[in-house]
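Chain by chain, the residues run as shown.
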Amino acid sequence: MTIVQSKRITMSRILIQGALVLVALFGAITTAAAGQDAATKAVYHFTAQPMAVKAGAPATFTVQIMGPDMRPVTGAKVSATRVDMGPDGMAEMTGKIVPAGSADPSRYAFSTTLSMPGRWAVTIEAQIPGEAAPVRGQVILEAK
Ligand SMILES: [Cu+2]
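Note that the structure is predicted; figures quoted are calculated from it, not measured. (Residues numbered from 1 in each chain as written. Predicted model: local features only at pLDDT ≥ 70, side-chain atom pairs only at ≥ 80, totals over all residues. Heavy atoms only, no water.)

To continue, consider the environment of threonine 60. With respect to the secondary-structure elements, threonine 60 resides in strand S3 (residues 58-66). Along the chain, threonine 60 and threonine 113 lie 53 residues apart, while their C-alpha atoms are 8.7 Å from each other. Here threonine 60 is in contact with Pro50, Ala100, Phe110 and Ser111, once residues within four sequence places are set aside. For threonine 60, the side chain forms a polar contact with the side chain of serine 111, separated by 3.4 Å. (Helix = DSSP H or I, 4+ residues; strand = E, 2+ residues; numbered from the N terminus. Contact = heavy atoms within 4.5 Å. Polar contact = N/O pair within 3.5 Å; in protein donor to acceptor, adjacent residues only side chain to side chain.)

Right under this line is the structure:
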């Protein structure tokens, strides 16, 4: 009776130790990933202007990209790869989006027709001078 009990205690101790090792390992892995991310990826912020457009009609808006130095990015090659109603739970509802002309070198213009009132996510890919890989971002447009 006592032997069985002590065996059980040993087993649960091993299980607890194993779990702690897993937690420690997982912690180390996530920290390493976060550290790598911070070292290689600069943070860019994407904003749209205007943020609200008319539903059912061609609308033009511009995107501005703020760099890690909080200055607008100029001279980037920016494309809008997708526009969908994901923010309102309709990711399968997509629209057509094309580049438009912009006189301001820090504003990248696009034209789209948002068929339904609600929030639309525009996925943007930017080739930014000095960045090895394209930077992806998203802006939300509200169609009214
Ligand atoms: Cu919709």
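We now examine unusual backbone geometry. A cis amide bond links glutamine 49 to the next residue, proline 50, at an omega of -10 degrees. Here proline 50 shows up in the loop between strand S1 (45-49) and strand S2 (52-53). You will see that methionine 70, though not glycine, has its phi angle at about 65 degrees, which is positive. Residue class for methionine 70 comes out exposed when judged on its relative accessible area of 57%. (Buried < 20%, exposed > 50% of the residue type's maximum accessible area, 1.4 Å probe, protein only.)

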